[in-house]
Amino acid sequence: MSALRRVVLVVVLVVSGSWPIMGGAPGPGGGSVDGFVVGYVPHRAGDLVSDFATEWEGVGFKSRVWEHRTSEGGYRVDLKLNVLRGERLTSVEALRDFIADYEEKEPDWDPRPFLNGPWHGYRTEGLAFWLVDDGVGVSVRLDPRRFDDRELTLTAHGVRPEN
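Caption draft 1: How the structure looks around the sheet that holds strand S8 (residues 127-133). Ordered in space as S3-S4-S5-S9-S8-S7-S6, the seven strands form an open sheet in which the pairing is antiparallel. If you trace the sheet from one side to the other, it starts and ends with strand S3 (48-56) and strand S6 (112-116), each paired once. Ignoring strand direction, the axes of neighbouring strands in this sheet form an average angle of 20 degrees. With five bridges connecting them, S6 and strand S7 (residues 119-124) associate as antiparallel partners. When the bridges of S7 are listed, Phe-114 appears paired with Gly-121.

If you want it as structure tokens, here you go:
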């Protein structure tokens with residue numbers, strides 16, 4: 001199968017929600033995080049996969065992180081998926097404001113609008129986030145040094161509610 005046909009097939013499967021999840025997604029990891037299926041993980045994402053639960057400013061995070069070992073012997077994060085839950089996430093703008101505070105963005109930070117299926121959100125280099133429902137948001141961060149904007153789009157579009 002040609003590379004172009006594989007890309008088209010991946011896009012069709014991800015957009016249609018028909019990606020076969022068999023213990024994970026393409027590449028390492030996948031599975032589900034706090035009620036969301038992770039339907040696509042870039043093949044070059046590292047194989048050290050860890051789950052975390054944290055809370056910041058009244059918003060709970062359930063996170064999955066994919067890391068790779070560096071040539072220096074340490075680890076670097078390739079992909080981080082957060083499912084955010086909190087009463088203050090009442091709109092996509094409230095989610096944007098929360099992410100801006102959490103990520104310590106400058107006041108002139110201006111992510112562009114992003115539509116992930118039926119959900120509205122924002123994206124910038126290496127980061128996409130969207131509001132799924134009142135009080136529930138999702139963010140996907142890919143290392144922009146290793147992954148391009150297309151991989152961010154495919155990864156974000158592959159995250160769907162389990163039900």
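Caption draft 2: Expanded view of the pattern of salt bridges. This model, assessed by the stated rule, comprises nine salt bridges. Asp-97 is the salt-bridge partner of Arg-96, the closest N and O atoms lying 3.8 Å from each other. The salt bridge partner of Arg-112 is Asp-149, with a shortest N-O separation of 3.7 Å. Of this pair, Arg-112 sits in strand S6 while Asp-149 sits in helix H3 (residues 149-157), and the two are 37 residues apart along the sequence.

Caption draft 3: Quick peek at the sheet that holds strand S2 (residues 36-38). Read from one edge of the open sheet, three strands run S1-S2-S10, paired in antiparallel fashion. Looking at which strands have only one partner, the edges of the open sheet turn out to be strand S1 (32-33) and strand S10 (159-161). Here S1 runs beside S2; their pairing, made up of two bridges, is antiparallel. Opposite Val-33, over in S2, you have Phe-36 as the bridge partner.

Caption draft 4: Molecular detail of the pairing of S3. Sheet topology note: the S3/strand S4 (residues 59-69) ladder contains nine bridges and is antiparallel. Directly across from Thr-54, in S4, lies its bridge partner Phe-61.

Caption draft 5: Representation of the pairing of strand S9 (residues 136-142) within the structure. Burial analysis of S9 places six of its seven residues in the buried class, which makes it a mostly covered element. Bridge count for strand S5 (residues 75-85) against S9 is seven bridges, and the pairing is antiparallel. Across the sheet, Asn-82 pairs through a bridge with Ser-139, a residue of S9. Sheet analysis places S8 next to S9, joined by six bridges and oriented antiparallel. Bridge pairing in S9 places Phe-129 opposite Ser-139.

About the cut-offs
Residues numbered from 1 in each chain as written. Predicted model: local features only at pLDDT ≥ 70, side-chain atom pairs only at ≥ 80, totals over all residues. Heavy atoms only, no water. Pairing = 2+ DSSP bridges. Helix = DSSP H or I, 4+ residues; strand = E, 2+ residues; numbered from the N terminus. Axes fitted to C-alpha atoms, helices over the stretch in contact; angles between N-to-C directions. Salt bridge = Lys/Arg side-chain N within 4 Å of Asp/Glu carboxyl O. Buried < 20%, exposed > 50% of the residue type's maximum accessible area, 1.4 Å probe, protein only.

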